[in-house]
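Chain by chain, the residues run as shown.
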Amino acid sequence: MLRPVRTVAPATLPVSLAWAKEHLKVTSDDQDSLIASYIDAAVSHLDGWSGILGRCMVSQTWRQDYDGFYSRGLKLPFPDVQSVVVSYTDENGATQTLADSNYHLVNQVGGTRIILSDGGTFPGTADRPDAVRVTMVAGYGTADDVPPALQAAILLHVGHLYVNREAVGSAQSELPLAYAALIGPHRRVGL
């Protein structure tokens, strides 16, 4: 399995600039770009393949490549997968799309898996590391669908970055304890 690649970014962030400014009690517009960069940093710390949650918050599109189909199905890199398109390179080198009637999505504790429908078989593929390509939309949905605890954690992180603009070696430089408590239940743990 190769590293997943995001092909379409989320349309919005889980926390708006206006909401962050309200949280910070900032009324002027002269620090908007700074606050927006803190929102981006806080979201990227949590979201997507490299984020510590191991999941997507606002819906976004990713592609995951595999070297073939597996009898136990294809484990996707994210939970909360809303839809998928499965394409593959057949043994003759032609690109094909697997009909959705051949498989279905199963949301398991450790994430989402594509498994065969009853009586189905996966087709043969070319011998290459990206023989099977799954394009998926993953995430909770819109910003309004993101759990409030994650939105609160983002606001805490933004507030922390806003107040602590320089790295310092004290307890003040660490994220508030509530941050870990807010994100903990939403972290994907591999099983």
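Peer 1: How would you sum up the overall build of the protein chain? Please name residues and give values.
Peer 2: When helices and strands are tallied, the protein chain shows 4 helices and 8 strands. Along the protein chain, helices (α) and strands (β) appear in the sequence β-α-α-β-β-β-β-β-β-β-α-α when read from the amino end. For the protein chain, restricting intrachain contacts to residue pairs at least 6 apart in sequence, the fraction spanning at least 24 positions comes to 72%. For the protein chain, the exposed surface amounts to about 10200 Å²; the carbon and sulfur share of it is 53%. In the protein chain, the 14 positive side-chain charges and the 19 negative ones have mean positions that sit 5 Å from each other.

Peer 1: Please provide a residue-by-residue account of the side chain of Asp32, values included.
Peer 2: Locating Asp32 in the fold gives a position in helix α2 (residues 32–46). Owing to a relative accessible area of 19%, Asp32 belongs among the buried residues under this scheme.

Peer 1: Just give me the short version of the packing of α2 against helix α3 (residues 148–163), but keep the residues and values in it.
Peer 2: One can describe the packing of α2 onto α3 by two numbers: an axis separation of 9 Å at closest approach and a directional angle of 130°. As the angle between them shows, α2 and α3 are arranged oblique. The hand of the α2/α3 crossing is right-handed. In this structure, α2 contributes Ile35, Tyr38, Ile39, Ala41, Ala42, Val43, His45 and Leu46 to the contact, and α3 contributes Ile154, His157, Val158, Leu161 and Tyr162. Classifying every residue of the contact of α2 with α3 gives 11 nonpolar, 2 polar and no charged.

Peer 1: Now, about the sheet that holds strand β7 (residues 111–116): what can you tell me, with residues and values included?
Peer 2: If you trace the 3 strands from one edge of the open sheet to the other, you get β3-β7-β6, paired in antiparallel fashion. Each edge of the sheet is formed by a strand with only one pairing partner; in this case those strands are β3 (74–75) and β6 (103–108). Where β3 meets β7, 2 bridges bridge the pair, whose relative direction is antiparallel. Looking at the pairing, Leu74 lines up with Ile114 of β7.

Peer 1: Go over the sheet that holds strand β8 (residues 132–138), please, and point to the residues and values.
Peer 2: Taken together, the 5 strands give an open sheet; going across it, the order is β1-β2-β8-β4-β5, and neighbouring strands pair in antiparallel fashion. Looking at strand neighbours, the two that pair on one side only are β1 (5–8) and β5 (95–97), the edges of this open sheet. The mean angle between the axes of side-by-side strands here comes to 30°, regardless of whether they run parallel or antiparallel. Where β1 meets strand β2 (residues 60–66), 3 bridges bridge the pair, whose relative direction is antiparallel. The residue bridging Val8 from the neighbouring strand is Thr61, located in β2.

Peer 1: I'd like a rundown of empty space enclosed by the protein, residues and numbers included.
Peer 2: What the rule picks out here adds up to 1 cavity of 30 Å³ or more. When its volume is computed, the largest cavity comes out at roughly 30 Å³. Lining the largest cavity, in full, are Pro10, Thr12, Leu13, Pro14, Val43, Asp47, Met57, Val58 and Gln60. Partitioning the lining of the largest cavity into residue classes produces 6 nonpolar, 2 polar and 1 charged.

Peer 1: I'd like a rundown of the packing of helix α1 (residues 17–24) against α3, residues and numbers included.
Peer 2: Where α1 contacts α3, the two axes come as close as 10 Å, and the packing angle between them is 60°. In terms of orientation, α1 and α3 fall into the oblique class. In the packing of α1 onto α3, the handedness of the crossing is right-handed. Residues Trp19, Ala20, His23 and Leu24 of α1 form the contact with α3, whose participating residues are Gln151, Leu155, Leu156, Val158, Gly159 and Tyr162. Looking at the contact of α1 with α3 residue by residue, the classes come out as 7 nonpolar, 3 polar and no charged.

Peer 1: Run through α3, naming residues and quoting values.
Peer 2: Over its 16 residues, α3 extends 22 Å from the first C-alpha to the last, a length consistent with the 22 Å expected when each residue adds 1.5 Å. The set of residues buried in α3 consists of Leu150, Gln151, Ala153, Ile154, Leu155, His157, Val158, Gly159, His160 and Tyr162. At its buried positions, α3 is contacted by α1, α2 and α4 (177–183).

Thresholds, definitions, all that
- Residues numbered from 1 in each chain as written.
- Predicted model: local features only at pLDDT ≥ 70, side-chain atom pairs only at ≥ 80, totals over all residues.
- Heavy atoms only, no water.
- Helix = DSSP H or I, 4+ residues; strand = E, 2+ residues; numbered from the N terminus.
- Contact = heavy atoms within 4.5 Å.
- Areas by Shrake-Rupley, 256 points an atom, 1.4 Å probe, with all protein chains shown as cover.
- Lys, Arg positive; Asp, Glu negative; His and termini not counted.
- Charge placed at Lys NZ, Arg CZ, Asp CG, Glu CD.
- Buried < 20%, exposed > 50% of the residue type's maximum accessible area, 1.4 Å probe, protein only.
- Axes fitted to C-alpha atoms, helices over the stretch in contact; angles between N-to-C directions.
- Parallel < 35°, antiparallel > 145°, perpendicular 65-115°, else oblique.
- Left-handed = near helix turned anticlockwise from the far one by under 90°.
- Nonpolar A, V, L, I, M, F, W, Y, C, P; charged D, E, K, R; others polar.
- Pairing = 2+ DSSP bridges.
- 1 Å grid on protein atoms, 1.4 Å probe; cavity = no way out; pocket = protein on both sides within 12 Å on 5 of 7 lines; lining within 4 Å.
- Points joined across faces, edges and corners; volume = space filled by probe spheres on them.
- Expected span 1.5 Å × (residues − 1).

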